[in-house]
Each structure stands twice: as structure tokens, then as C-alpha cells.
Amino acid sequence: MINSIVMFVLLVIFSLVLSIVLSCYREDDKSAILKGMARRGAVFFVAVAGFAAVAYMISGTFLLPSS
Amino acid sequence: MAVIVPAKSTRERIVPAVGFSILIPGLGHYLAGRKKEALYWFFACQITLLLGMMLAGHTQNDYGFPFKIGDATILFVLLPECGNFLVTQIVTRMYESIEAGGSAPTDIPWRQFGYLLSGMSGVLGMFSAAHASGCVIADNEKIRSGQVAPKIHPGKAALLTLLLPGLGHWVTGRRFKAYLLGGAIIGLFLLGMTLGGFGDFDRQRHPYYWAGQMMLGGVGWLTSALTSGVYIVEHKPYIDAGLLFTTSAGFFNVIAALDAFHRAEQDWLAVGAQVEVKAASGPKGAGGVPGAGPGGITGAGGGLKGAGGIPGGAGGTPPTPDKQGNQS
């Protein structure tokens, strides 16, 4: 059984690692890396969470076999 | 943001060094005049490939895709072995998988180690191209008098990242990035392995993911060797996330290696005798490479609204503006 809280934590971890790699690729300065990490991590997290929310909503409404 | 690029003559040598290294690892080094290193790369890649194929009974062929015209196979795509392109093409045509003769995978006790070796061959083939490119830069971009050459050339920085994520940044003096990248990539990989019960680094079970996992280099290869006898025997609810994490860690390591190469290249060129500046995408006003020193080159910032300059030593090349208004 998939636990939503665990999936949430895994998304947070993946967003963090992705933001680290991207920021380190784009920047070479410590402060710029840290600043970029927060922005890039938040953008990725919100985008994926947004898709998940939309998918959850339409799976519970339009895509239900009975509707 | 502006970046320093190698001189045109160097860039023209890099292209064949990379192309021929992918074709036959070592050939790029040979053409660059590094004959001893050419031999090392050639034998390292070919021995691992041939030994790996032999140990796995050529069952690697079962994971590839032949592109055919009629009955003739014109290209056999086998990842990541295709990083050692030509010999992979020859070997996959010469021998058939022993499974085609009726043997089962379980009849081949060393197959996982064979997959590991042949996969290493392909990854090393790709990184031989980066190393050859770094050798070309080191040999052709001479250091200005009075300047000290960086400890390692860009190809070595990329190669060290393959050995251990972050190591390429560490040796170029970027300790913060080394900790951050190394910790993040290895941490993501280990978390992914834990979610998969340490059984998800398995070519037979997940051949596509496996190709990406191999890109992690030393850490991944060691883990693969240590967990080759571990199989998934029960349902793991988060194994999909585990596979995503371990494969992503492999791809992230490639990005880290590219960054290590690029930063080491910038370090090398910053003390080089012939410098060319090109505009790169970035924020306005951030142009130029900050630096100070008499003589040398002062950059106007790649056509952007910024000011800055490349560190100049005594007797540097006089600046000549190019089409974008850069100084070279």
C-alpha cells in the first residue's frame, strides 16, 4: 500500500537533489547555488505536486467509469 | 554571463578526438599524440567488453535493438556498451546469445559480473572521449608566462567524477560543490537502493533503468558487484521510486561530470595564452569574467550590459573585438 505522506517526502527529497544538481551546474558561487536551490526546488515541487493534484481530481470525477 | 572558450584551432582538434574516442576508445588519444594513454584506454575498454561478453555468454545481445535493412543489421544499439561503439558492433554480430541455443540465464553463474564489465566498457568509452578532449585542451592551450597551470586538466576532472561523484570538483578546489553534489547524488542512489531492497540494480529485471544506473560510475559499479546475488522476492511498494532515484542518480552524475569538465576548462583557459570570450545565456549585466591584473585581456562582457575582464598576466594577447563586441 502506497502511503501519501511517504510519497510527499520522496518528492521533497527528489526536488532537493534535483535543485542541488541544477544549481551546481548553473552557478559556481556558494551563495548563488544556495539561492538558486530554493527557487528551483520549489518550482519543481510545485509543478509535480500540481500535476498530481490535477490527476487525482480528474481520476475521481471525469475518468470514473460511472460518470 | 560570459565564458572563455578554447581557441578555434583547439576546438577543431577536440571534435575528432571526441568522435574517434567513441568509435574506438584510445583512438582520440592516439590522434592527439598521447600514445601511451591511447593504449591504456584501448585495452581497458576492450578487455572489459570482451571479458564481460564472454562471462555473460553474450546474453547482452538480448538487451539490444538491431536496426535492419532487409536481413542486414546496420546498427545494433546496446546501452551502455555502445559507448565503445565499433568493437560492440563487431562482437554483437560475431556471437549469438547462448540463450538462443536453449540455455537459461541461471546456467550462467557469472552473468551479472559480465554485464557489469561490458557496461563499464561502454561508460569508460564515453568518458575516454571527455579525457581525450581534456588532453587536447591541455596540450594546445599553453599557459601564460608567470602563471601556474591548474593541477588537473578538464578530462581528468570528469574522470574523477566518474570515480566518485564530487571528486572532480574537490580536486579543482570547489569543496562546497564537491560535498553538495557528492552527498546529494550518492544519497539519492543509496535511498533508491534501499527502497528497492538492494535488488533493483539488476540488468535482467530492469535493463533500461540499469543502463542509467551504470552512469553513476565507481559507487554504482561497486554496489552492483556487492548486490549481484540479491533478488527481489517480495513486493516492494516503493520500488518504482527506488528505480527512479537510482537511475536519476546516474544521470545526475553525468551532469556533475560535465560541470567538473567545464569548470576545470575555465580554470585552465583563464591562465591560458590565447583566450576567446563568448556570450552565454545568463542575466544581463553579469558579463565578463572577473579578474584583475595588468595587461592581458579585459572583457566587455559578451555584448551584455556588464563589465568585467579576464584575469590578465604580463604580456597577454591584445584585445580584438569580435562580431558580438567581445574582446578576444
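Quick note: structure is the one above.
Because the structure is a prediction, the values reported are computed rather than measured.

**Topic: the overall build of chain A**
Argument step 1. Helix and strand content of chain A: 2 helices and 0 strands.
Argument step 2. Relative to the 2.2 N^0.38 estimate, which gives 11 Å for 67 residues, the radius of gyration of chain A is 16 Å and therefore markedly larger than a compact globule would have.
Argument step 3. Oriented by its inertia axes, the alpha-carbon framework of chain A measures out at about 55 × 25 × 15 Å.
Argument step 4. In chain A, which comprises 67 residues, the proportion classed as buried is 24%.
Argument step 5. Per element, the accessible surface of chain A, about 4,600 Å² overall, is 76% carbon and sulfur.

**Thoughts on the overall build of chain B**
Argument step 1. Scanning chain B from N- to C-terminus turns up 11 helices and 4 strands.
Argument step 2. Counting all 328 residues of chain B, 51% fall into the buried class.
Argument step 3. Within chain B, contacts between residues separated by at least 24 positions form 69% of all contacts whose residues are at least 6 apart in sequence.
Argument step 4. A total accessible area of about 14,600 Å² is found for chain B, and carbon and sulfur atoms account for 67% of it.

**With respect to the packing of helix H5 (residues 111-140) of chain B against helix H10 (residues 218-226) of chain B**
All names here are of chain B.
Argument step 1. Two numbers describe how H5 lies on H10: the axes approach to 11 Å, and their chain directions differ by 175°. When the axes of H5 and H10 are compared, the pair comes out roughly antiparallel. Here Leu116, Met120, Val123 and Leu124 of H5 lie close against H10, whose contacting residues are Trp221, Ser224 and Ala225.
Argument step 2. Split into classes, the residues belonging to the contact of H5 with H10 amount to 6 nonpolar, 1 polar and no charged.

**Description of the side chain of serine 128 of chain B**
Argument step 1. Locating serine 128 of chain B in the fold gives a position in helix H5.
Argument step 2. In contact with serine 128 of chain B, not counting residues within four places along its chain, are Ser21, Pro25, Gly26, His29 and Trp41 of chain B.

**Notes on the packing of aromatic side chains**
Two numbers describe a pair of aromatic rings. These are the distance of the centres and the angle of the planes.
Argument step 1. The final tally for this structure, using the stated rule, is 10 aromatic pairs over all chains.
Argument step 2. An angle of 80° between the planes, with centres 5.5 Å apart, marks the rings of tryptophan 170 of chain B and tyrosine 179 of chain B as edge-to-face.
Argument step 3. Note on phenylalanine 189 of chain B and phenylalanine 201 of chain B: the rings are 6.1 Å apart at their centroids and 80° apart in plane angle, and the pair reads as edge-to-face. You can see phenylalanine 189 of chain B sitting in helix H8 (residues 175-195) and its partner phenylalanine 201 of chain B sitting in the loop between H8 and helix H9 (207-213), a full 12 residues away along the chain.
Argument step 4. Here a set of aromatic residues connected by ring pairs shows up, and it is made of Phe14 and Phe44 of chain A together with Phe245 and Phe252 of chain B.
Argument step 5. Over the ring of tyrosine 115 of chain B we find arginine 203 of chain B, and its NZ or CZ is 5.4 Å from the ring centre.

**Points about the interface of chain A and chain B**
Argument step 1. Taken residue by residue, the interface counts 21 residues in chain A and 21 residues in chain B.
Argument step 2. Summed over both sides, the interface of chain A with chain B buries roughly 2,000 Å², with 78% coming from carbon and sulfur.
Argument step 3. Broken down by element, the residue count for the side of chain A that touches chain B peaks at 12 residues, all from helix H1 (residues 4-26) of chain A.

**Quick word on the pattern of salt bridges**
Argument step 1. Enumeration according to the criterion identifies 12 salt bridges over all chains in this entry.
Argument step 2. Between lysine 177 of chain B and aspartate 28 of chain A there is a salt bridge, with its nearest N and O atoms 3.1 Å apart. Note that lysine 177 of chain B is positioned in helix H8 and aspartate 28 of chain A in the loop between H1 and helix H2 (30-60), a pairing that runs across two chains.
Argument step 3. For lysine 177 of chain B, a relative accessible area of 2% puts it in the buried group.
Argument step 4. Salt-bridge contacts for glutamate 37 of chain B lead to arginine 34 of chain B; the nearest nitrogen and oxygen are separated by 2.9 Å.

**Some remarks on the environment of alanine 130 of chain B**
Residue and element names in this part refer to chain B.
Argument step 1. For alanine 130, the location among the structural elements is in helix H5.
Argument step 2. The spatial distance from the C-alpha of alanine 130 to the C-alpha of alanine 158 is 6.9 Å, given a sequence separation of 28 residues.
Argument step 3. Beyond its immediate stretch of four places on either side in the chain, alanine 130 contacts Gly155, Ala158 and Phe261.

**Topic: the environment of threonine 61 of chain A**
Argument step 1. Locating threonine 61 of chain A in the fold gives a position in the segment after H2.
Argument step 2. Here the side chain of threonine 61 of chain A touches methionine 57 of chain A through a polar contact of 2.8 Å, landing on its backbone oxygen.

**Here we look at the nonpolar core**
If you look at soluble globular proteins, the nonpolar side chains tend to sit buried side by side.
All names here are of chain B.
Argument step 1. Val123, Ile185, Leu188, Phe189, Met214, Trp221 and Phe252 are the most contacted members of the largest nonpolar core, which totals 61 residues.
Argument step 2. The dominant element in this core, judged by the number of residues it contributes, is H5, at 11 residues.
Argument step 3. Counting residues domain by domain, this core receives three or more from each of domain 1 (1-140) and domain 2 (164-278).

**Quick word on unusual backbone geometry**
Residue and element names in this part refer to chain B.
Argument step 1. Between leucine 79 and the following residue, proline 80, the backbone shows a cis peptide bond with an omega angle of 0°.
Argument step 2. Examined against the element boundaries, proline 80 turns out to sit in the loop between strand S3 (72-77) and helix H4 (85-94).
Argument step 3. Phi is positive for histidine 58, close to 60°, though the residue is something other than glycine.
Argument step 4. Along the chain, histidine 58 turns up in the loop between helix H3 (35-55) and strand S2 (65-69).
Argument step 5. Given the relative accessible area of 13%, histidine 58 is considered buried.
Argument step 6. For phenylalanine 198, which is not a glycine, the phi torsion comes out positive at approximately 60°.
Argument step 7. With respect to the element layout, phenylalanine 198 can be found in the loop between H8 and H9.
Argument step 8. By relative accessible area, phenylalanine 198 is classed as partly exposed at 33%.

Basis of the calculations
- Residues numbered from 1 in each chain as written.
- Chains lettered and ligands numbered in written order.
- Predicted model: local features only at pLDDT ≥ 70, side-chain atom pairs only at ≥ 80, totals over all residues.
- Heavy atoms only, no water.
- Helix = DSSP H or I, 4+ residues; strand = E, 2+ residues; numbered from the N terminus.
- Rg over C-alpha atoms; globule rule 2.2 N^0.38 Å.
- Buried < 20%, exposed > 50% of the residue type's maximum accessible area, 1.4 Å probe, protein only.
- Areas by Shrake-Rupley, 256 points an atom, 1.4 Å probe, with all protein chains shown as cover.
- Contact = heavy atoms within 4.5 Å.
- Axes fitted to C-alpha atoms, helices over the stretch in contact; angles between N-to-C directions.
- Parallel < 35°, antiparallel > 145°, perpendicular 65-115°, else oblique.
- Nonpolar A, V, L, I, M, F, W, Y, C, P; charged D, E, K, R; others polar.
- Phe/Tyr/Trp six-rings, centres within 6.5 Å; stacked < 30°, edge-to-face > 60°.
- Lys NZ or Arg CZ within 6 Å of the ring centre and 35° of its normal.
- Buried area = accessible area lost by both parts, 1.4 Å probe.
- Salt bridge = Lys/Arg side-chain N within 4 Å of Asp/Glu carboxyl O.
- Polar contact = N/O pair within 3.5 Å; in protein donor to acceptor, adjacent residues only side chain to side chain.
- Core = buried A, V, L, I, M, F, W, Y, C linked by side-chain atoms within 4.5 Å.
- Domains from an automatic or database assignment.

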